[in-house]
Amino acid sequence: METIRIATTPFEGQRPGTSGLRKKVKVFQQPGYLENFVQSILDTLPELRGGSLVVGGDGRYFNREAIQVILRLAAANGVRRLIVGRGGLFSTPAVSCVIRKYKTQGGIVLSASHNPGGPDEDFGIKFNSANGGPAPESVTDAIFARTKTIDRYLTLDTPPVDLDQPGVCTLGETEIEIIDPVRDYADLMEALFDFDAIHHLFNSGHFQMRFDAMHAITGPYAIEILENRLGAAPGTVMNGVPLEDFGGGHPDPNLAHAQELVALTHGSDGLDFGAASDGDGDRNMILGRNCFVTPSDSLAILAANAHLLPGYRQGIRGIARSMPTSQAANRVADFLGIECFETPTGWKFFGNLLDAGRITLCGEESFGTGSDHVREKDGLWAVLFWLNLLAVRQQSVAEILTDHWRRFGRNFYTRHDYEGVDLEAAEGLVDHLRRLLPDLPGRQLGAETVSYADDFAYTDPIDGSVSERQGIRIGFASGARIVYRLSGTGTSGATLRVYLEYFEPNPALHQRDTQDAMRPLVLIARELAQIETRTGRTEPDVVT
Ligand code: VG1
Ligand code: CO
């Protein structure tokens, strides 16, 4: 079949952010836009020629069209084999699993994760490397550089591939294998966790749970794993059918966006366990009856209890957390006598540590937790981890949480997001903070004394690469912290994230309301950054 060479010119702004290239669907629909980016990936990674590639997405609007474009470009560029999820579907952690299992040279994930979907909403594309993880900055920088000089892309003139027909077909010289997107992933989960114990818990007659798939990709995964393999009652999975617009909502599992589920856990007859995942299945939210586990606490608790679960019986080697994630995990690492790394925001920074065997668990405050079983954060994995823990410890979520605080102390934690802020105002605010940094150490702010203040820079301990300007950190003598950074996943304006944490060793104060407890720190953070005068905002849009 003849390869067609189409002349093209570069598009501005195809720089991948925290997690791939995310733009409005309308931007991606411009002729040549997606083609340019995909061709830039193929040009940057010569190993893909003659190699194999996994392709799939979270099923949002434009997923199917985008996959057809990618298949044609990949075939025209000599990719030998393409593994595609049936219906064009794959969760992000499942892509990571499949890349590793079938040893492909990489994968392309189509998703804008927790961002809304639909013709006027967001779309995204990300390249994952042969280790199954998001490409490191060196690769995304090279792809971006290529988008600026690209002058042609290669494609084929072929009818669309039937994505719903499992089996093998060909496109030019390329073999396309349409596979069940769930099976390999579900098998991996079964190898890591004690499914008998969880099955037992589900059938004990005194355990009620719901999993909210938020009309996104984890629906089919959760139904297969929780209901079919583990015997949870039908209907345990809510909103389990993936929709192109996620039913009009934000597929973002947090207290603000999963309100229906949160309500079900309230009251004396509330659910024993509630969990949710996001658009592409890599995030998780964990709830107990009248109780919410912050993702930072979840990471610490998983680390402290990992040895109780089959997949982690031999203990964990080390932990990593993204910089804004609370320091609760550090306390567990100290106790276990293992290393705890602080990395910039974004899962790509965990890859080298995982590959080198320096860490087993890692997590981000943004509802992301994972381990060395794949190279992405993994929503359902975290849910199964918790279920296995509940089954083994025979305690409620609240009991496990309170116990943990009693042992290690509590890191109160909250994140305040100011969304859709004017870009210049947001950048001005960060510049203002940067200018303040040298004078902050030793200064008294409210009842707190600043012990350090910096713009976080990270040197990767494995390959020595340096990433600068990763967020403003202000640490206090009490152990409290304020972190400011601008989001790298949004598609319009700027989102200012303010992360706040303070440490409370006294168990008598552990049950305080988080926002009350954090109030003094919130006021310090607002004043120092001049949030109101610079952005016009008096309150954040989303509090998690
Ligand atoms: C956000 C989170 C970050 C996460 C990223 C991708 O990035 O803060 O922790 O890794 O989303 O998650 P930002 O730059 O907007 O703060 V997902 O579930 O979109 O793949
Ligand atoms: Co996600």
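Read on for an overview of the structure. (Residues numbered from 1 in each chain as written. Chains lettered and ligands numbered in written order. Predicted model: local features only at pLDDT ≥ 70, side-chain atom pairs only at ≥ 80, totals over all residues. Heavy atoms only, no water.)

With that settled, consider helix α5 (residues 137-147). Taken together, the buried positions of α5 are Val139, Thr140, Ile143, Phe144 and Thr147. Looking straight down α5, one finds that the buried residues subtend no more than 135° of arc, so they occupy a single side. (Buried < 20%, exposed > 50% of the residue type's maximum accessible area, 1.4 Å probe, protein only. Helix = DSSP H or I, 4+ residues; strand = E, 2+ residues; numbered from the N terminus. Arc of directions from axis to C-beta.)

Attention now goes to the nonpolar core. Formed by 70 residues in total, the largest nonpolar core has its most connected members in Phe193, Phe211, Leu226, Phe273, Trp381 and Leu387. Looking at this core element by element, the count peaks at 11 residues for helix α13 (residues 379-393). Non-local contacts of Trp381, meaning those with residues more than four positions away in its chain, are made with Tyr185, Met189, Leu192, Phe193, Leu302, Tyr312, Leu361, Thr369, Gly370, Ser371 and His373. Judged by nonpolar contacts, the second largest core, of 43 residues, contains Ile67, Ala76, Val84 and Leu163. (Core = buried A, V, L, I, M, F, W, Y, C linked by side-chain atoms within 4.5 Å. Contact = heavy atoms within 4.5 Å.)

This brings us to the coordination of the cobalt ion (ligand 2). The cobalt ion (ligand 2) binds to the protein through Ser113 (OG), Asp278 (OD), Asp280 (OD) and Asp282 (OD); the donor distances cover 1.9 to 2.1 Å. Mapping the donors of the cobalt ion (ligand 2) onto the primary sequence yields the spacing S-x164-D-x1-D-x1-D. Of this pair, Ser113 sits in the loop between β5 (106-110) and β6 (122-128) while Asp280 sits in the loop between β12 (273-276) and β13 (285-288); the two residues are 167 residues apart in sequence, bridging distant segments of the chain. Take Ser113: its relative accessible area is 2%, and that puts it in the buried class. (Donors = N, O, S within 2.8 Å, 3.2 Å for Na, K, Ca; no water.)

Now for the environment of Ile225. Residue position: Ile225 is located in helix α8 (residues 218-229). By relative accessible area, which is 0% here, Ile225 ends up buried. Sequence spacing of Ile225 and Leu380 is 155 residues, and the spatial spacing of their C-alpha atoms is 9.1 Å. Not counting chain neighbours up to four residues away, the residues in contact with Ile225 comprise Tyr185, Ala186, Met189, Phe195, Leu230, Leu380 and Leu384.

In this section: the site of ligand 1. Taken together, 21 residues form the shell around ligand 1, and within it Thr18, Ser113, Gly488, Thr489 and Arg497 come nearest. One of the side-chain N or O atoms of Thr18 is found 2.5 Å from an oxygen atom in ligand 1. At 2.6 Å, a side-chain N or O of Ser366 approaches an oxygen atom of ligand 1. A per-class count over the shell around ligand 1 returns no nonpolar, 10 polar and 11 charged. (Near = heavy atom within 4 Å. Polar contact = N/O pair within 3.5 Å; in protein donor to acceptor, adjacent residues only side chain to side chain. Nonpolar A, V, L, I, M, F, W, Y, C, P; charged D, E, K, R; others polar.)

Looking now at the sheet that holds strand β8 (residues 167-171). Spatial ordering of the open sheet is given by β2-β6-β5-β3-β4-β9-β8, a layout of seven strands whose pairing is mixed. Edge positions in the open sheet fall to β2 (21-24) and β8, since each of these has one partner strand only. Averaged over all neighbouring strand pairs, the angle between strand axes comes to 20°, with direction disregarded. With five bridges connecting them, β8 and strand β9 (residues 174-179) associate as antiparallel partners. Bridge pairing in β9 links Gly167 to Ile178. (Pairing = 2+ DSSP bridges. Axes fitted to C-alpha atoms, helices over the stretch in contact; angles between N-to-C directions.)

Across all of its chains, the model carries 16 aromatic pairs by this definition. Both rings, one in Phe412 and one in Tyr502, keep their centres 5.3 Å apart while their planes meet at 10°; by these two values the pair is stacked. Placement of Phe412 in strand β19 (residues 410-421) and of Tyr502 in strand β26 (residues 494-504) is noted, with a sequence separation of 90 residues between them. Neither Phe412 nor Tyr502 differs from the other in exposure class; each is buried. We note Arg410 situated over the ring of Phe412; from NZ or CZ to the ring centre the distance is 3.8 Å. (Phe/Tyr/Trp six-rings, centres within 6.5 Å; stacked < 30°, edge-to-face > 60°. Lys NZ or Arg CZ within 6 Å of the ring centre and 35° of its normal.)

What follows is about empty space enclosed by the protein. The final tally for this structure, using the stated rule, is one cavity of 30 Å³ or more. Roughly 110 Å³ of internal volume is contained in the largest cavity. Along its surface, the largest cavity is lined by 14 residues, and Pro16, Gly20, Lys126, Phe127 and Thr140 are the ones closest to its centre. For the lining of the largest cavity, the secondary-structure elements that each account for two or more residues are β6 and α5. If you tally residues by element for the lining of the largest cavity, the top one is β6, at three residues. (1 Å grid on protein atoms, 1.4 Å probe; cavity = no way out; pocket = protein on both sides within 12 Å on 5 of 7 lines; lining within 4 Å. Points joined across faces, edges and corners; volume = space filled by probe spheres on them.)

Let's shift gears to the side chain of Thr174. Here Thr174 is to be found in strand β9. Polar side-chain contacts of Thr174 include one of 2.8 Å to the backbone oxygen of Val79. Non-local contacts of Thr174, meaning those with residues more than four positions away in its chain, are made with Ala75, Val79, Arg80, Arg81, Leu82 and Cys169.

Attention now goes to the pairing of strand β3 (residues 52-57). Looking along a regular strand, one sees side chains alternate from face to face of the sheet. Within β3, six of the six residues are buried, leaving the element largely enclosed by the surrounding structure. Of the two faces of β3, the one holding Ser52, Val54 and Gly56 and the one holding Leu53, Val55 and Gly57 are both buried throughout. Bridge count for β3 against strand β4 (residues 81-89) is five bridges, and the pairing is parallel. The residue bridging Ser52 from the neighbouring strand is Arg81, located in β4. Remark: the β3/helix α3 (residues 63-76)/β4 crossover connection has right-handed handedness. (Right-handed = clockwise from strand over helix to strand, strands pointing away.)

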